[in-house]
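# Structural overview for review
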Amino acid sequence: MKKLKKLAVAAGLIVSMSAFTLTNQSNAATMTHKVQQGETFWKISNKLGVPVSSLMQANHATNSKLYAGQTIVIPNSTVSAADKELMARLVHAEAGGEPYAGKVAVATVILNRLKSPNFPNTIKGVIYQVESGHYAFTPVQDGRIKLPADADSRRAVNEAIAFSGKGKGSLYFYNPKTAKSKWIFSRHVTVTIGHHRFAK
């Protein structure tokens with residue numbers, strides 16, 4: 001009788017663990033989206049701030065075709081809402097008067113640093129990094145990071161996340177008219193947008 005009870009308890013635990021595993025797997029991507037006329041994977045990724053590659057992979061898409069009325073799975077974003085907001089505040093402080101493409105490029109620098117072994121491995125770590133007594137980003141030093149972000153900066157962050165994995169691998173940006181470091185001028189320039197040069 002004791003053996004039977006132990007067997008029943010063990011079976012119950014296995015069922016519970018299986019249910020827990022299945023629930024967790026389904027929660028990994030529980031959000032769905034009904035495709036509207038004219039929407040593309042890129043537009044949806046850009047709007048929601050998820051990498052387009054992740055969105056296509058979650059839906060087993062072998063091409064970029066979507067049809068109005070189709071229901072697709074939206075994977076969880078690789079960047080939390082709090083980190084997106086922090087990025088948007090930095091973008092606003094660093095590139096407030098720059099063209100929209102420059103805002104996207106600044107957000108992309110943060111994401112590129114996140115992937116590089118030469119920088120911290122969290123967005124907060126990248127933004128608040130201090131190296132040899134120098135802040136990585138001036139707005140952190142002077143407090144402008146605390147100012148609220150605007151809608152364009154938030155949109156630029158989402159676009160940079162959607163664009164993730166593409167681009168020229170920029171890890172730095174600077175204004176050549178105000179930069180004082182000789183080292184930054186030695187970096188390979190990838191693109192110039194507005195007043196900023198981007199480099200790696």
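Residues numbered from 1 in each chain as written. Predicted model: local features only at pLDDT ≥ 70, side-chain atom pairs only at ≥ 80, totals over all residues. Heavy atoms only, no water.

### Considerations on the pattern of salt bridges
Heads up, the rule is: Throughout this description, the term salt bridge denotes a Lys or Arg side-chain nitrogen within 4 Å of a carboxyl oxygen of Asp or Glu. We count a stretch as a helix when DSSP gives it H or I for four or more residues in a row; a strand needs E for two or more, and each element gets its number in order from the N terminus. Relative accessibility decides the category of a residue: with a 1.4 Å probe and only protein chains considered, values under 20% of the type maximum give buried, values over 50% give exposed, and everything between is partly exposed.
Summed over all chains, the structure comprises three salt bridges. Residues Arg154 and Glu85 are paired through a salt bridge, measuring 2.9 Å at the closest nitrogen-oxygen approach. Here the residue Arg154 occupies a position in helix α8 (residues 151-162), and Glu85 occupies one in helix α4 (residues 81-95), the gap between them amounting to 69 residues. Among the residues examined, Arg154 registers a relative accessible area of 36% and is labelled partly exposed. The residue Asp142 makes a salt bridge to Arg144 at a minimum N-O spacing of 2.9 Å.

### Considering the packing of helix α2 (residues 41-48) against α8
Between two packed helices, the angle of one axis relative to the other and the distance separating the axes together describe the packing. Put simply, the rule is: All axes are obtained by fitting lines to C-alpha atoms, using only the stretch in contact for helices, and the reported angles, taken between N-to-C directions, cover 0 to 180 degrees. Any angle that is under 35 degrees is reported as roughly parallel, and any over 145 degrees as roughly antiparallel; angles of 65 to 115 degrees are reported as roughly perpendicular and all others as oblique. Two helices crossing with the near one rotated counterclockwise from the far one by less than a right angle form a left-handed crossing, whereas a clockwise rotation gives a right-handed crossing. The contact rule is simple, with two residues in contact once any of their heavy atoms fall within 4.5 Å. Each residue gets one of three labels, nonpolar for Ala, Val, Leu, Ile, Met, Phe, Trp, Tyr, Cys and Pro, charged for Asp, Glu, Lys and Arg, and polar for the others, Gly among them.
Between α2 and α8, the shortest axis-to-axis distance is 7 Å and the interhelical angle comes to 130°. Here α8 runs oblique to α2, going by the angle between their axes. α2 and α8 meet at a crossing whose hand is right-handed. Every residue of α8 that contacts α2 at Trp42, Ser45, Asn46, Lys47 and Leu48 is listed here: Arg155, Asn158, Glu159 and Ala162. Here the contact of α2 with α8 is composed, by residue class, of three nonpolar, three polar and three charged.

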